[in-house]
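# Coordinate inspection notes
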Amino acid sequence: MALAGVLLILLTASGSPAGAEDAHAGYYYPAPQTREDYVSSLSVALDAGERSRAAFVIALAAQQEKLGHLPGYHLFAKGDELEKLIIVATGDGQYDTLYRLRALLASLTSKARTSELFAKSSQPQELNFLDFCKLIGFTQVTVSNGKDVSHQIFIR
């Protein structure tokens, strides 16, 4: 079982130079153990920019606040043009495996589908959260349990 985990990490690890200088690792999350490239067939929306990425993070935080309980994660937009999305768990025992981190991203798909930008797509049911991130111009998504597990995705 441990060998399978090591192989998974080796297979998903990327030598991408974008991950080599991660100014947020060690501050918001531990250095990512795994990295991957996600290639979306979508183009960045013409009106996507720093403001739309900031608005997206604010809107998701507002949705969480409406639920009336502490969120299981926090979202941050960072980078010179807010092009990096960071998602960090708020408590122990959550999102502590690569599979749980990917499940979190899958659950965020339904929240993204409520956005106007997603609704403009001809087939929103075929898109996922990472496609939405590409639409609004995020180039990197990092998810972490905030303790010892981080996974980084470069969106192409």
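What comes next concerns the included structure. Nothing here was measured: the structure is a model prediction, and the numbers come from that model.

Definitions and limits used
- Residues numbered from 1 in each chain as written.
- Predicted model: local features only at pLDDT ≥ 70, side-chain atom pairs only at ≥ 80, totals over all residues.
- Heavy atoms only, no water.
- Buried < 20%, exposed > 50% of the residue type's maximum accessible area, 1.4 Å probe, protein only.
- Helix = DSSP H or I, 4+ residues; strand = E, 2+ residues; numbered from the N terminus.
- Pairing = 2+ DSSP bridges.
- Axes fitted to C-alpha atoms, helices over the stretch in contact; angles between N-to-C directions.
- Contact = heavy atoms within 4.5 Å.
- Salt bridge = Lys/Arg side-chain N within 4 Å of Asp/Glu carboxyl O.
- Core = buried A, V, L, I, M, F, W, Y, C linked by side-chain atoms within 4.5 Å.
- Expected span 1.5 Å × (residues − 1).
- Arc of directions from axis to C-beta.

Bringing the pairing of strand 5 (residues 150-155) into the picture now. Burial analysis of strand 5 places six of its six residues in the buried class, the great majority of the element. Two elements, strand 1 (residues 34-38) and strand 5, share five bridges in a ladder whose sense is parallel. Considered in strand 5, the bridge of D37 is made with F154. Sheet topology places strand 4 (residues 140-144) next to strand 5; five bridges connect them, and they run antiparallel.

Here we come to the sheet that holds strand 4. Hydrogen bonds between backbone groups are what pair the strands of a sheet, and the pairing can be parallel or antiparallel. Strand order in the open sheet formed by five strands is 1-5-4-3-2, and the pairing between neighbours is mixed. Of all strands in the sheet, those bounded by a partner on one side alone are strand 1 and strand 2 (73-78). Strand-to-strand twist of the sheet, defined as the mean angle between neighbouring strand axes without regard to direction, takes the value 15°. Helix 2 (residues 50-66) rests against strand 2 and strand 3 (84-89) of the sheet, and its axis sits at about 165° to strand 2. Of the strands in this sheet, strand 1, strand 2, strand 3, strand 4 and strand 5 are in contact with helix 3 (residues 98-112), which crosses strand 5 at around 50°.

Here we come to the pattern of salt bridges. Enumeration over the complete set of coordinates arrives at three salt bridges. For E36, the salt bridge is made with R102, and the minimal N-O distance between the two is 3.1 Å. Here R102 lies in helix 3 and E36 lies in strand 1, a separation of 66 residues in the sequence. Notably, a salt bridge pairs R156 with D37, separated by 2.9 Å at the nearest N-O pair.

This next bit is on the environment of V88. Looking at the element boundaries, V88 is found in strand 3. Linking V88 and V149, residues 61 residues apart in sequence, is a C-alpha distance of 9.9 Å. Not counting residues up to four positions away in its chain, the partners in contact with V88 are Y28, G72, Y73, H74, F76, S144 and G146.

Consecutive side chains of a regular strand alternate in pointing toward one face of the sheet and then the other. Of all five residues making up strand 4, five are buried, and the element is well covered by its neighbours. The alternating pattern of strand 4 places Q140, T142 and S144 on one face and V141 and V143 on the opposite face, and all of these are buried. As paired strands, strand 3 and strand 4 are joined by five bridges and run parallel to one another. Considered in strand 4, the bridge of I87 is made with V143. The hairpin turn running from strand 4 into strand 5, its antiparallel successor, is five residues long, and G146 in that turn takes a positive phi close to 75°.

This brings us to the nonpolar core. Ranked by internal contacts, the top residues of the largest apolar core, which has 28 residues, are F56, L85, I87, F129 and V141. Among the elements that take part in this core, helix 3 stands out by supplying five residues, more than any other. Once residues lying within four places of it in the same chain are set aside, the contact partners of I87 are Y73, H74, L75, L104, L105, L108, F129, V141, T142, V143 and S144.

An ideal rise of 1.5 Å per residue puts 24 Å on 17 residues; helix 2 measures up with 25 Å between its terminal C-alpha atoms. Taken residue by residue, helix 2 has R53, F56, V57, L60 and Q64 as its buried positions. The arc that holds the buried residues of helix 2, viewed along the axis, is 90°, so those residues lie on one side. The exposed set on the far side of helix 2, more than 90 degrees from its buried face, consists of R51, I58, E65 and K66. Tucked inside the fold, the buried residues of helix 2 contact strand 2, strand 3, helix 3 and helix 5 (129-135). Just past helix 2, the residue G68 takes up positive phi, approximately 80°.

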